[in-house]
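Report on the structure
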Protein chains: 2
Amino acid sequence: MARSVAREGLRSSDRAAIERIVRAVGIFREEEIAVALELVDVGLSGDDKGYRFLVADDGPLVLGYACFGRASMTDGTYDLYWIAVDPAAQHRGVGRGLLREVEEAIRREGGRLLLVETEDGPGYERTRRFYEAAGYPEVARVRDYYRVGRDKVVHARDLREGR
Amino acid sequence: MARSVAREGLRSSDRAAIERIVRAVGIFREEEIAVALELVDVGLSGDDKGYRFLVADDGPLVLGYACFGRASMTDGTYDLYWIAVDPAAQHRGVGRGLLREVEEAIRREGGRLLLVETEDGPGYERTRRFYEAAGYPEVARVRDYYRVGRDKVVHARDLREGR
């Protein structure tokens, strides 16, 4: 991603940038945007170490971000809650770069499994192709989870493998 | 369950009873007990409507409890986070009764799908048989989720069916 290494941790100015980005992406519903921003607020409050953030920026401009955390009650399993990249910065490898840095951060602390939940339905085809191309096959599916006809799909990567 | 109908909502005295019960059950690790009590504290604080409680009691004695909530970003899907019954009160249908009352509460507000996550491994055979006998087949599995060799299993019931 053009050598801009992501930083871990949020700045207060990131909130508006993240809201702009998740809206610009265009596939998230209002409730999803609210959940994304709620996690940002938790991250900014510093109260809960369960939600961690990597932010990719180019000078003052936020290009994208990732939110992840260790799954409670597990030994080395992590959830990737969100990756979003500004549509204006897409096709530059920002998303892939963020994902690789999340994996590195998890490996550094001994994590072994990273899960991503997505939706199977219109608007999510690119998201699912992104994860599959990045080494995250579908490992589980809950039918009709989001609503009737809209399954939850879990993609996962075993981080103990090579890259 | 001997006609003791569960009540919705926690009393402050329930916390110690619930701690006693989850410890007495004997299969939960310290981290799991901590998570259970954290949810009780959230429930008692009244801050987060995402965690709801049904408590089965017999006079002053708490026999068991269930914690459930609507899954965010879904249309009518709920998670059952915990059911625990005092071992001294088992084989009296308390768990099954709590589960049925959770289902009723969810149906009343238009919910349609109830999910329970369990672990596939020693100590969880009875738990999984309980859900299967209650109409919750396994619908998904994430290998090695809890730790290597310990899968997460998702059981689910479509609440739109008859009982």
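What you see is a predicted model, and the numbers here were worked out from it, not measured in a lab.

What counts as what
- Residues numbered from 1 in each chain as written.
- Chains lettered and ligands numbered in written order.
- Predicted model: local features only at pLDDT ≥ 70, side-chain atom pairs only at ≥ 80, totals over all residues.
- Heavy atoms only, no water.
- Helix = DSSP H or I, 4+ residues; strand = E, 2+ residues; numbered from the N terminus.
- Buried < 20%, exposed > 50% of the residue type's maximum accessible area, 1.4 Å probe, protein only.
- Pairing = 2+ DSSP bridges.
- Least-squares fit on C-alpha atoms with pLDDT ≥ 70 in both.
- Contact = heavy atoms within 4.5 Å.
- Buried area = accessible area lost by both parts, 1.4 Å probe.
- Salt bridge = Lys/Arg side-chain N within 4 Å of Asp/Glu carboxyl O.
- Polar contact = N/O pair within 3.5 Å; in protein donor to acceptor, adjacent residues only side chain to side chain.
- Axes fitted to C-alpha atoms, helices over the stretch in contact; angles between N-to-C directions.

Here the focus is unusual backbone geometry. Residue and element names in this part refer to chain B. One non-glycine residue, Met73, lies in the positive phi region at around 70°. In this structure, His91 takes a positive phi of about 65° despite not being glycine. For His91, the position within the fold is in the loop between strand S4 (77-85) and helix H3 (94-108). Judged by its relative accessible area of 78%, His91 falls in the exposed class.

The next thing to look at is the pairing of strand S7 (residues 150-158) of chain A. Residues and elements named next belong to chain A. Across the nine residues that make up S7, a large majority, eight, are buried. In this structure, strand S5 (residues 113-120) lies alongside S7, joined through eight bridges in antiparallel fashion. Pairing of Leu113 across the sheet is with Asp158, part of S7. Summarising the sheet, strand S6 (residues 138-147) and S7 pair through five bridges and their orientation is antiparallel.

Mapped onto the elements of the fold, Gly110 of chain A is located in the loop between helix H3 (94-108) and S5. Distance from Gly110 of chain A to Leu159 of chain A, taken between C-alpha atoms, is 9.5 Å for residues 49 residues apart in sequence.

Between chain A and chain B, the superposition needs a rotation of 180° and an axial shift of 0.0 Å, giving an RMSD of 0.0 Å. The two molecules are tied by a two-fold rotation axis, judged by turn and shift. Scanning chain A for the C-alpha nearest the rotation axis identifies Ala140 of chain A, at a separation of 2.8 Å.

Listed as interface residues are 26 residues of chain A and, on the opposing side, 26 residues of chain B. On the chain A side of the interface with chain B, the three residues burying the most area are Glu31, Met73 and Tyr145 of chain A, jointly 31% of the side's total. Put simply, chain A and chain B have two salt bridges between them. For the pair chain A and chain B, the number of links is 14 residue pairs in polar contact (both at pLDDT 80 or more). Secondary structure elements with two or more residues in the side of chain A that touches chain B: helix H2 (30-45), S5 and S6 of chain A. Broken down by element, the side of chain A that touches chain B gets its largest block of residues, nine residues, from S6 of chain A.

With that settled, the discussion passes to the pairing of strand S2 (residues 52-58) of chain B. Residue and element names in this part refer to chain B. Most of S2 sits out of view: six of its seven residues are buried. Where strand S1 (residues 7-8) lies against S2, two bridges are found, and the strand directions are antiparallel. Looking at S2, one finds that Arg7 is bridged to Val55. As paired elements, S2 and strand S3 (residues 61-70) share seven bridges and run antiparallel to each other. Opposite Arg52, over in S3, you have Phe68 as the bridge partner.

All names here are of chain A. Spatial ordering of the open sheet is given by S1-S2-S3-S4-S5-S7-S6, a layout of seven strands whose pairing is mixed. Among the strands making up the open sheet, the edge pair consists of strand S1 (7-8) and S6. Most of the contacts of H2 go to strand S4 (residues 77-85), to which it runs at about 115°, and overall it touches strand S2 (52-58), strand S3 (61-70), S4 and S5. Relative to S5, helix H4 (residues 125-133) is tilted by about 155°, and along the sheet it contacts S4, S5, S6 and S7.

Let us look at the pattern of salt bridges. Within the structure shown, the criterion is met by 54 salt bridges over all chains. Of the charged contacts, one joins Asp57 of chain B and Arg11 of chain B as a salt bridge, the two residues approaching to 3.9 Å between their closest N and O atoms. Within this pair, whereas Asp57 of chain B is found in strand S2, its partner Arg11 of chain B is found in the loop between S1 and helix H1 (14-25), the two being separated by 46 residues in sequence. Glu19 of chain B serves as the salt-bridge partner of Arg15 of chain B, at 3.9 Å between the closest nitrogen and oxygen. Taken together, the residues span about one helical turn, with Arg15 of chain B and Glu19 of chain B both in helix H1 at a distance of four residues. Here Glu19 of chain B falls in the partly exposed class, since its relative accessible area comes to 24%. Overlapping salt bridges, with partners in common, bring together Asp120, Arg128, Glu132, Glu138, Arg141, Arg143 and Asp151 of chain A in one network.

Interpretation in functional terms is not warranted from these geometric data alone.
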